[in-house]
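What follows is the residue order along each chain.
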Amino acid sequence: MITLSETQLAVLNAITYEGGPHYWEGYNYLLSIIESDSAYDDFEYWLGKAAEINANSFSSEANAFIRGVTRAGLLYDFNWSRGRRHSGRWRRQRHCLWRRQ
């Protein structure tokens, strides 16, 4: 867990426009805070990949993987449910729960 000072939190909110569309810049800011502390090595990796994915970096293998899996998953779900009406009960498909109406 990272504890941020009031100043760091204000900077993070400004960078991300209060949690708006610039998450990747916020991840990079957090990364800059913890990068010199070896206790956060695993979290550094996660923040770096999260920044690449949310920035939609075309040179990132992580981004390409996530975009490909998401696209395939959405297509699978669309083809599976197209033309069918469900009763509104909770249904399970693979690892996702959702409600159909």
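Overview of the structure. (Residues numbered from 1 in each chain as written. Predicted model: local features only at pLDDT ≥ 70, side-chain atom pairs only at ≥ 80, totals over all residues. Heavy atoms only, no water.)

Quick look at the pattern of salt bridges
Under the definition given, this model contains one salt bridge. With its nearest N and O atoms 3.6 Å apart, the salt bridge here joins Glu-52 to Lys-49. One end of the pair, Glu-52, and the other, Lys-49, are both in helix 3 (residues 41-54), three residues apart, so they sit about a helical turn from each other. For Glu-52, a relative accessible area of 27% puts it in the partly exposed group. (Salt bridge = Lys/Arg side-chain N within 4 Å of Asp/Glu carboxyl O. Helix = DSSP H or I, 4+ residues; strand = E, 2+ residues; numbered from the N terminus. Buried < 20%, exposed > 50% of the residue type's maximum accessible area, 1.4 Å probe, protein only.)

Here's the deal with unusual backbone geometry
Phi at Asn-56 takes a positive value of approximately 60°, unusual for a residue other than glycine. Structurally, Asn-56 can be placed in the loop between helix 3 and helix 4 (61-81). Accessibility expressed as a relative area gives 32% for Asn-56, which makes it partly exposed.

Focus on the environment of Leu-12
Tracing the sequence through the fold places Leu-12 in helix 1 (residues 6-15). According to the relative accessible area criterion, Leu-12 is buried, its value standing at 14%. Here the alpha-carbon distance between Leu-12 and Tyr-27, two residues 15 residues apart in the chain, equals 9.0 Å. Apart from the residues lying within four places of it in its own chain, the contact partners of Leu-12 are Leu-4, Gly-26, Tyr-29 and Leu-30. (Contact = heavy atoms within 4.5 Å.)

Comments concerning a nonpolar patch on the surface
On the surface, Phe-65, Ile-66 and Val-69 cluster together into a nonpolar patch covering about 270 Å² of accessible area. Position of Phe-65 relative to the elements: it lies in helix 4. (Patch = residues over 30% accessible without salt bridge, like charges linked within 9 Å, V, L, I, M, F, W, Y side chains within 5 Å. Areas by Shrake-Rupley, 256 points an atom, 1.4 Å probe, with all protein chains shown as cover.)

Thoughts on the packing of aromatic side chains
For any pair of aromatic rings, the description rests on two quantities: the centre-to-centre distance and the angle between the ring planes. Under the defined criterion, the tally for this structure stands at two aromatic pairs. Ring geometry for Tyr-27 against Trp-46: centres 5.7 Å apart, planes inclined by 85°, an arrangement best described as edge-to-face. Taken together, the residues Tyr-27 in helix 2 (residues 23-34) and Trp-46 in helix 3 connect sequence positions 19 residues apart. Tyr-27 sits in the buried class, given a relative accessible area of 19%. Among the residues examined, Trp-46 registers a relative accessible area of 46% and is labelled partly exposed. Through successive ring pairs, a cluster of aromatic residues spans Tyr-27, Phe-43 and Trp-46. (Phe/Tyr/Trp six-rings, centres within 6.5 Å; stacked < 30°, edge-to-face > 60°.)

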